[in-house]
Amino acid sequence: MSTNPKLSLIVAKSRNGVIGVDGDLPWRLSSDLKFFKATTLGKPVMMGRVTWESLPFPLPGRPNLVLTRNSAYEAPKAELFTDVHAMIGRGYELAGLTGADEIMLIGGAKLYASLMKYCDRMYITEVDAMIEGDAHFPAIRADEWDLISEQAHAQGEKDDFLFTVRQYERR
């Protein structure tokens, strides 16, 4: 059982910070989706309503926690929250119950911007492209983070672009 799970975020962003366009990912990166699944499996995943609606189905093998302003909103197979602090608290509660060592923030842009200051760890996939989009990842303050690992990935046959995965820990 984990006694002190970390609040972590995971994101794929272009070189110019784009993470989405019209409520969807602006690329296909099968190799990165496999990394995302391996990193988040068995851990509570927190997301906003727009991110939830972009998913083809609830993410299996993980409690799905969804934040929305609409208390009447329905998200089958997910827990709904209208208060971000209640959602985070539930994430920690679930991590404690399951022994998960992390609670994963998976998007979108508004949640990344408001919750990054509380995160202990970041998994950032930098897509080697400049993309036009309407959702952006906030700027990272270099003085607050240490780069722990970096792994470049060759472009697989189901990947639109090359990409590099970087893991950061808060100083």
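The rules behind the values
Residues numbered from 1 in each chain as written. Predicted model: local features only at pLDDT ≥ 70, side-chain atom pairs only at ≥ 80, totals over all residues. Heavy atoms only, no water. Buried < 20%, exposed > 50% of the residue type's maximum accessible area, 1.4 Å probe, protein only. Helix = DSSP H or I, 4+ residues; strand = E, 2+ residues; numbered from the N terminus. Pairing = 2+ DSSP bridges. Salt bridge = Lys/Arg side-chain N within 4 Å of Asp/Glu carboxyl O.

A. Structural view of the pairing of strand β4 (residues 64–67). Of the two faces of β4, the one holding Asn64 and Val66 and the one holding Leu65 and Leu67 are both buried throughout. Here 4 bridges tie strand β3 (residues 45–48) to β4, and the two strands are oriented parallel to one another. Paired with glycine 48 across the bridge in β4 is leucine 67. Relative to strand β5 (residues 79–81), β4 runs parallel, the two being bridged by 3 bridges. Across the sheet, the residue bridging to leucine 67 is phenylalanine 81, located in β5.

B. The arrangement of the environment of alanine 139 in detail. Relative to the helices and strands, alanine 139 resides in the loop between β8 (135–136) and β9 (145–153). When the C-alpha positions of alanine 139 and alanine 113 are compared, they lie 8.8 Å apart, and in sequence the two are 26 residues distant.

C. Molecular detail of unusual backbone geometry. Cis geometry is adopted by the peptide bond preceding glycine 108, which originates at glycine 107 and carries an omega value of 5 degrees. Tracing the backbone shows glycine 108 in the loop between β6 (102–105) and α4 (109–115). One non-glycine residue, lysine 77, lies in the positive phi region at around 70 degrees. As for its position among the elements, lysine 77 is in the loop between β4 and β5. The class of lysine 77 is exposed, set by a relative accessible area of 76%.

D. Summary view of the pattern of salt bridges. According to the stated counting rule, one finds 16 salt bridges in the structure shown. For glutamate 126, the salt bridge goes to lysine 13, with nearest N and O atoms at 3.4 Å. On the criterion of sequence distance, the pair formed by glutamate 126 in strand β7 (residues 121–127) and lysine 13 in strand β1 (residues 6–14) is long-range, its members being 113 residues apart. Lysine 43 is the salt-bridge partner of aspartate 101, the closest N and O atoms lying 3.9 Å from each other. Highlighted residues: aspartate 101 in the loop between α3 (84–98) and β6 and lysine 43 in the loop between α1 (30–40) and β3, separated in sequence by 58 residues. Lysine 43 gets classed as buried once you look at its relative accessible area, which sits at 13%. A single network of salt bridges, built from pairs that share partners, joins Lys43, Asp101, Glu102, Arg121 and Glu169.

Remember that the coordinates give geometry; whether it matters functionally is a separate question.
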